[in-house]
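What the coordinates show
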Number of protein chains: 2
Amino acid sequence: MIADRGADALYVGDLVNVRYLTGFTGSNGAVLVFADGSAVFFTDGRYREQAAQELPDLEHVITRRLLDEARKRGRGSLLAETHVLSVDAWRRLGEPESSGRLVEELRETKDEAEISLLRRACAISSLALEQLLAGPLTGRTERELALDLETRMVELGAQDKAFDTILAAGENSAIPHHRPTDRVVKHGDLLKIDFGALVEGYHADCTRTVVLGRAADWQREIYTAVRDAQAAGLERLRAGVPVADSYRAATESLDAAGWLSAFTTGLGHGVGLQIHEDPFLGAAHPGRLTRRTVLTMEPGIYLPGRGGVRIEDTVVVTDAAPEVLTTTPKDLMEIA
Amino acid sequence: MIADRGADALYVGDLVNVRYLTGFTGSNGAVLVFADGSAVFFTDGRYREQAAQELPDLEHVITRRLLDEARKRGRGSLLAETHVLSVDAWRRLGEPESSGRLVEELRETKDEAEISLLRRACAISSLALEQLLAGPLTGRTERELALDLETRMVELGAQDKAFDTILAAGENSAIPHHRPTDRVVKHGDLLKIDFGALVEGYHADCTRTVVLGRAADWQREIYTAVRDAQAAGLERLRAGVPVADSYRAATESLDAAGWLSAFTTGLGHGVGLQIHEDPFLGAAHPGRLTRRTVLTMEPGIYLPGRGGVRIEDTVVVTDAAPEVLTTTPKDLMEIA
């Protein structure tokens, strides 16, 4: 890819992309990848030992002048990630040509080791949620429940939460990205929980919505509509199928049920070393799905002032039905 | 400052700087500040309501083409933060001149509302640590203790931890930025805990090192050396004093005790909306301290394979002795 562009080397300074290419997890590092496939890694003295452990097979340059050193080592013409590189850093590198999103494109398809970490992150998430849903739930605040869930994930082996938990009760469940408050969870509430575990840098992403007590008719209706839309979307997540198809299938399902206008968020996104990464599911996406892409599928219905439902899984694209990593059941749970 | 540079407006797209200037806490937003002091805020449709709540007094532009819209509204000549702005975004804005670190410089001096949030974050941190140190400590793993401390902070009202807790026992305490492991804490260990609470975006940063059981002579010796160095550094943190003075005082103290070569990290940094922000304490800093700058002071001694000690406070610079916000005692604690 580098030689195709008539360049000698690609400078990668985005830390997520550096981690993907090298395994380095520190807070300052960059890698030069040469057209012949060789590479040199740059970091500062704080990370000398960590780099030796994490990247035993790569040549290291320990320097406080990372950009100057990379420019010097870059031999001839460089490419760089101008969508993330700062202007000042780019100038310091000698104003290289843009590489585009080369590394992000590689990251879309996961290898077995990555899928195994995502599987573990999702298994921990599912188990922690099932423990939380065993109760008690009513009488506790959104904040208390969110903290309980996050603590359980770490106790079960997560490195951390993958992102700040969205835990929203009653009317708050209508807010797509609600932050937990001191509102007390009570009988009759919809309870929407969007959360996930982080395992060795890989993110799980799962949402379940339950009802406390018997579901009212309107709650059951929107739950069923979201459930059906998610199933329709998942049905079109398959290797070789256009990315846009799943978006069309899920939104047509919501439209047929009369709820499309209440679906106000994105439908799904890639997930891996970042919680949101390429590809993003949308009607305009020009590509096709490939095996081992890991995606979320998360339709929802949000009724301001009343409540909302979202159902989300993290799944792996295969040649057949996707492998669902977030295994908590999706039948409507009515929790006494 | 904008007019001084012959420009009409400053484009601020860095989210921390946007939050500082406007109060906006979402994940996509930018602000144009005009030379006459007026401003326009840009975000996308997801944040329409949040922006209305958080920025009631600012004109909002809701758009998916934030950069194009900002360029259009920028009237004449723009400045932009080329140290953080990506090359692609900068081109989209029409390649504006660099503003330098204008907003970061403003952020160095805190107002009373900011100091009050930092005071709260530090009070929560200190209380949580004192609860943790009440024990039991021995027989539990580093990971368990770190999670316990983080959970207590949220229970006491923190929005989150300010950063991943460094909790290191025995020989691990010699690693400046150790990540908690399954090592069990035992009698005779040094236990180093570097942690803090996050409150409304403001970060606390505190380190204490304790001994489990009676301190060995070498543990007491390095503790005393670090304690004295911290006191010497704090003594020179005062409005009007050169920033470099505190660095000189702390390192001279370590040198006099014969331990300077075992001090291998930075001495301190500004803290506020970011855990590490300007100014950074160092021998080469050309400036002087100003009132209401909030800083850490964190000398340490690290003896590979044996153990280490760090003592760190978050303090506010005043005309007299700094106000120490992290109030947990600093006498050597020997915990049975």
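Residues numbered from 1 in each chain as written. Chains lettered and ligands numbered in written order. Predicted model: local features only at pLDDT ≥ 70, side-chain atom pairs only at ≥ 80, totals over all residues. Heavy atoms only, no water.

Quick word on the pattern of salt bridges
Residue and element names in this part refer to chain A.
- Following the criterion strictly, the structure yields 60 salt bridges over all chains and no others.
- A salt bridge links Asp 319 to Arg 291; its shortest N-O distance comes to 3.5 Å. Taken together, the residues span a long stretch of sequence, with Asp 319 in the loop between strand E18 (313-316) and strand E19 (323-324) and Arg 291 in the loop between strand E14 (277-280) and strand E15 (294-297) at a distance of 28 residues.
- For Arg 291, a relative accessible area of 43% corresponds to the partly exposed category. (Salt bridge = Lys/Arg side-chain N within 4 Å of Asp/Glu carboxyl O. Helix = DSSP H or I, 4+ residues; strand = E, 2+ residues; numbered from the N terminus. Buried < 20%, exposed > 50% of the residue type's maximum accessible area, 1.4 Å probe, protein only.)

Looking at the sheet that holds strand E1 (residues 9-12) of chain A
Residues and elements named next belong to chain A.
- Spatially, the 6 strands line up as an open sheet ordered E4-E3-E2-E1-E5-E6, and their pairing is mixed. Unpaired on one side and paired on the other, strand E4 (59-62) and strand E6 (97-98) mark the two borders of the sheet.
- Note: E1 against strand E5 (residues 78-80), 3 bridges, orientation parallel. If you follow Ala 9 over to E5, its bridge partner there is Leu 78.
- Across the sheet, helix H1 (residues 15-22) lies against E1, strand E2 (29-34) and strand E3 (39-43), angled at about 55 degrees from E2, the strand it touches most. (Pairing = 2+ DSSP bridges. Contact = heavy atoms within 4.5 Å. Axes fitted to C-alpha atoms, helices over the stretch in contact; angles between N-to-C directions.)

Brief notes about unusual backbone geometry
- The omega torsion across Asp 278 of chain A and Pro 279 of chain A is -5 degrees, close enough to zero to call that bond cis.
- At the junction of Gly 135 of chain B and Pro 136 of chain B, the peptide bond is cis and its omega measures out at 5 degrees in the coordinates.
- Its identity is not glycine, yet Glu 95 of chain A carries a phi of approximately 55 degrees, on the positive side.
- Looking at the element boundaries, Glu 95 of chain A is found in the loop between helix H4 (87-92) and E6.
- Overall, the relative accessible area of 44% leaves Glu 95 of chain A in the partly exposed class.

Quick word on the interface of chain B and chain A
- On the side of chain A, 23 residues touch chain B, which itself brings 23 residues to the contact.
- Contact with chain A buries surface across chain B, with Val 87, Arg 143 and Leu 147 of chain B losing the most and accounting together for 26% of the total.
- If you look at where chain B meets chain A, you find 2 salt bridges.
- When the shortest N-O distance is used, the salt bridge between Asp 160 of chain B and Lys 161 of chain A registers 2.9 Å.
- Linking chain B with chain A are 15 residue pairs in polar contact (both at pLDDT 80 or more).
- For the side of chain B that touches chain A, the secondary structure elements donating two or more residues are helix H4 (87-92), helix H7 (142-155) and strand E7 (160-161) of chain B.
- Of all the elements, H7 of chain B adds the most residues to the side of chain B that touches chain A, at 5 residues.
- For the side of chain B that touches chain A, the residue count by class is 7 nonpolar, 8 polar and 8 charged. (Buried area = accessible area lost by both parts, 1.4 Å probe. Polar contact = N/O pair within 3.5 Å; in protein donor to acceptor, adjacent residues only side chain to side chain. Nonpolar A, V, L, I, M, F, W, Y, C, P; charged D, E, K, R; others polar.)

Concerning helix H3 (residues 66-73) of chain A
All names here are of chain A.
- Buried within H3 are the following residues: Leu 66, Glu 69 and Ala 70. The buried side chains of H3 occupy one side of the element, clustering within an arc of 100 degrees when seen end-on.
- Buried residues along H3 sit in contact with E1, E2, E3 and E4. (Arc of directions from axis to C-beta.)

Topic: the packing of aromatic side chains
Residue and element names in this part refer to chain A.
- Applying the stated rule across the entire model yields 5 aromatic pairs over all chains.
- An aromatic cluster is present here, built from Phe 24, Phe 41 and Tyr 47 joined pairwise through their rings.
- The ring of Trp 218 carries Arg 306 above its face, with NZ or CZ at 4.3 Å from the centroid. (Phe/Tyr/Trp six-rings, centres within 6.5 Å; stacked < 30°, edge-to-face > 60°. Lys NZ or Arg CZ within 6 Å of the ring centre and 35° of its normal.)

Focus: the packing of helix H6 (residues 112-133) of chain A against helix H7 (residues 142-155) of chain A
All names here are of chain A.
- With their axes 9 Å apart at the nearest point, H6 and H7 run at an angle of 135 degrees to one another. Here H6 is positioned oblique relative to H7, judged by the angle of their axes. Two packed elements cross with a definite hand, and for H6 against H7 that hand is right-handed. In contact with Ile 124, Ser 125, Ala 128, Leu 129, Gln 131 and Leu 132 of H6, H7 contributes Leu 145, Asp 148, Leu 149, Arg 152 and Met 153.
- Here the residues of the contact of H6 with H7 are counted per class, giving 7 nonpolar, 2 polar and 2 charged. (Parallel < 35°, antiparallel > 145°, perpendicular 65-115°, else oblique. Left-handed = near helix turned anticlockwise from the far one by under 90°.)

A short note on the environment of Arg 292 of chain A
All names here are of chain A.
- Summarising the element assignment, Arg 292 is placed in the loop between E14 and E15.
- Taking the relative accessible area as the measure of exposure, Arg 292 reaches 27% and is therefore partly exposed.
- Sequence separation between Arg 292 and Ile 115 is 177 residues; the distance between their C-alpha atoms is 7.8 Å.
- In contact with Arg 292, not counting residues within four places along its chain, are Glu 108, Thr 109, Lys 110, Asp 111, Glu 112, Ile 115, Val 316 and Val 317.
- At 2.6 Å, the side chain of Arg 292 and the backbone oxygen of Lys 110 are in polar contact.

Brief notes about a nonpolar patch on the surface
Residues and elements named next belong to chain A.
- Taken together, the side chains of Met 1, Leu 21 and Leu 106 present a nonpolar region at the surface, about 260 Å² in accessible area.
- Mapped onto the elements, Leu 21 comes out in helix H1.
- Look at Leu 21 and you get partly exposed, because its relative accessible area is 34%. (Patch = residues over 30% accessible without salt bridge, like charges linked within 9 Å, V, L, I, M, F, W, Y side chains within 5 Å. Areas by Shrake-Rupley, 256 points an atom, 1.4 Å probe, with all protein chains shown as cover.)

These values are about where atoms sit, not about what they do.
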